[in-house]
Amino acid sequence: MDKKLGRNDPCWCGSKKKYKLCHEAQDEKVARLEKQGFLVPPRKILKTPEQIEGMKKSSEINIKVLDYVQEHIKAGVTTEEIDQWVYKITTEAGGIPAPLDYEGFPKSVCTSINEQVCHGIPSESIVLKDGDIVNVDVSTIYKGYFSDSSRMFCIGEVDPEKKRLVDVTRECVELGLKQVKPWGFLGDIGAVISEHARKNGYSVVEEIGGHGIGLEFHEDPWVGYVTEAGTGMVMVPGMVFTIEPMVNMGGCEIYQDENDGWTIYTEDGKPSAQWEIMVLVTDTGYEVLCW
Ligand code: MF3
Ligand code: CO
């Protein structure tokens, strides 16, 4: 239970406005919904204007890194080189690559190719080749604020079926984004994403999802992409989370590499694609902070 403020006290969000003129009405609405049995966000995951500013600065670095990757990625590049680009650009901008040493992850970025679903580890022995589809997942810490987004890249001439997987997965993210609005449900996002993927003959990974983000890399809520509309946590202004579905050309089953302890593969060896954006719920809808 969050502390009840006096109506004339300064608001908890740091706006310096009186509580009654700032977040009081929203907090009352959240409390009412909670009483009715809905899952609502705790106040600690609602970002203040100051925190949002910090997350935007962090996102700027993240976007810059991905823009650099986009310009330079091509056949013949090793994923180790991508890792070095990410480290260099992030640190030169004053940031820290969030994956580095995160729960023992050995590199600054995740690079996942073809049937690799996510969390691929860069290596000098992995050379990108014509026809590969690759996800580069970049996350930054700047002054304590986290950002996280990923893009797919098609290397050279890519088989049209794989290209379609990449495009449909991006459409899934765009459709999911349109569901982001205050007082909607997180489950609304996964409902449209899984529908669009299935309509195209694809499946969506169930065990791995998106996450709240900001003061930590992974915060509540967990965001699944195989969900029912009208279920899950209520979206409230100030929430920030990622939309990052993993869409498989074949079945949804996955497994983890036993040797490296990280890389996730499709069970059937068919390709998988993922795009990731980081979204703020606003009073009127959403703002994409990072893509
Ligand atoms: N961006 C990835 C995610 O949100 C982060 C992977 S963390 C790592 O799931 F350490 F595995 F790289
Ligand atoms: Co993420």
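Fair warning: this is a prediction, and the values are worked out from it, not measured in the lab.

*Asks:* Would you mind showing me how to read the packing of aromatic side chains here?
*Replies:* Aromatic ring pairs are described here by two measures, namely the spacing of the ring centres and the angle between the planes. Tallied over the full model, the rule gives six aromatic pairs. Between Phe105 and Trp262 the ring centres are 4.9 Å apart and the planes differ by 90°, which places this aromatic pair in the edge-to-face class. You can see Phe105 sitting in the loop between strand S1 (96-97) and strand S2 (110-113) and its partner Trp262 sitting in the loop between strand S11 (254-256) and strand S12 (264-266), a full 157 residues away along the chain. A single burial state applies to Phe105 and to Trp262, both of which are buried. Ring centres of Tyr255 and Tyr265 lie 5.5 Å apart, and the angle between their planes is 15°; this geometry places the pair in the stacked category. Here Tyr255, found in strand S11, pairs with Tyr265, found in strand S12; they are ten residues apart in sequence, far enough to count as distant.

*Asks:* Help me understand the site of ligand 1 in this model?
*Replies:* In the vicinity of ligand 1 lie 14 residues, with Cys110, Asp137, Asp148, His211 and Trp262 positioned nearest. Within the contact set of ligand 1, an oxygen atom lies 3.0 Å away from a side-chain nitrogen or oxygen of Asp148. Here an oxygen atom of ligand 1 sits 2.9 Å away from a polar atom, N or O, in the side chain of His211. Alone, ligand 1 offers 330 Å² of accessible surface; in the complex the protein occludes 96% of this. When the residues that make up the shell around ligand 1 are grouped by side-chain class, the tally is six nonpolar, four polar and four charged.

*Asks:* Explain unusual backbone geometry here, please?
*Replies:* Both trends apply: most residues other than glycine have a negative phi, and most peptide bonds are in trans. In this structure, the amide linkage connecting Asp220 to the following residue, Pro221, adopts the cis form with an omega of 0°. The residue Pro221 is located in strand S8 (residues 219-223) in this model. Look at Lys16: it is not a glycine, yet its phi comes out positive at around 75°. Structurally, Lys16 can be placed in the segment before helix H1 (24-35).

*Asks:* What should I look at first to understand the nonpolar core in this one?
*Replies:* In globular proteins that are soluble, nonpolar side chains generally tend to be buried together. In this structure, Val180, Ile189, Phe241 and Ile243 are the most contacted members of the largest nonpolar core, which totals 43 residues. If you list the elements that add at least two residues to this core, you get H1, helix H4 (160-178), helix H5 (186-199), strand S9 (240-243) and strand S14 (277-281). Considering every element that reaches this core, the biggest residue donor is H4, with six residues. In this structure, Ile243 is in contact with Val173, Gly176, Leu177, Val180, Ile189, Ile193, Tyr225, Trp275, Glu276, Ile277 and Val279, ignoring residues within four places of it in sequence. One finds Ile61, Val65, Leu66 and Val77 within the second-largest nonpolar core, a separate group that totals 19 residues.

*Asks:* Could you clarify how one ought to interpret the pattern of salt bridges in this entry?
*Replies:* Opposite charge on two side chains makes pairing possible when the charged atoms of those side chains draw close. Inspection of the entire model under this criterion finds eleven salt bridges. Among the salt bridges present, the one from Lys129 reaches Asp132, with a minimum N-O distance of 3.0 Å. For Asp132, a relative accessible area of 3% corresponds to the buried category. A salt bridge links Arg164 to Glu161; the nearest nitrogen and oxygen atoms lie 3.6 Å apart. Residue Arg164 and its partner Glu161 are both found in helix H4; the two are separated by three residues, about one turn of the helix.

*Asks:* Looking at this model, I keep getting lost on the coordination of the cobalt ion (ligand 2). Mind explaining?
*Replies:* Perfect tetrahedral coordination of a metal by four donors corresponds to 109.5 degrees between them, and perfect octahedral coordination by six donors corresponds to 90 or 180 degrees. Taken together, Asp148 (OD), His211 (NE2), Glu244 (OE) and Glu276 (OE) make up the protein donors of the cobalt ion (ligand 2), found 2.1 to 2.4 Å from the metal. Of note, the donors binding the cobalt ion (ligand 2) are all from one chain and are spaced D-x62-H-x32-E-x31-E. Residue Glu244 is located in the loop between S9 and strand S10 (246-248), and its partner Glu276 is located in the loop between strand S13 (272-274) and S14; the two are separated by 32 residues in the primary sequence. Accessibility expressed as a relative area gives 5% for Glu244, which makes it buried. For Glu276, a relative accessible area of 0% corresponds to the buried category.

Criteria and cut-off values
- Residues numbered from 1 in each chain as written.
- Chains lettered and ligands numbered in written order.
- Predicted model: local features only at pLDDT ≥ 70, side-chain atom pairs only at ≥ 80, totals over all residues.
- Heavy atoms only, no water.
- Phe/Tyr/Trp six-rings, centres within 6.5 Å; stacked < 30°, edge-to-face > 60°.
- Helix = DSSP H or I, 4+ residues; strand = E, 2+ residues; numbered from the N terminus.
- Buried < 20%, exposed > 50% of the residue type's maximum accessible area, 1.4 Å probe, protein only.
- Near = heavy atom within 4 Å.
- Polar contact = N/O pair within 3.5 Å; in protein donor to acceptor, adjacent residues only side chain to side chain.
- Areas by Shrake-Rupley, 256 points an atom, 1.4 Å probe, with all protein chains shown as cover.
- Nonpolar A, V, L, I, M, F, W, Y, C, P; charged D, E, K, R; others polar.
- Core = buried A, V, L, I, M, F, W, Y, C linked by side-chain atoms within 4.5 Å.
- Contact = heavy atoms within 4.5 Å.
- Salt bridge = Lys/Arg side-chain N within 4 Å of Asp/Glu carboxyl O.
- Donors = N, O, S within 2.8 Å, 3.2 Å for Na, K, Ca; no water.

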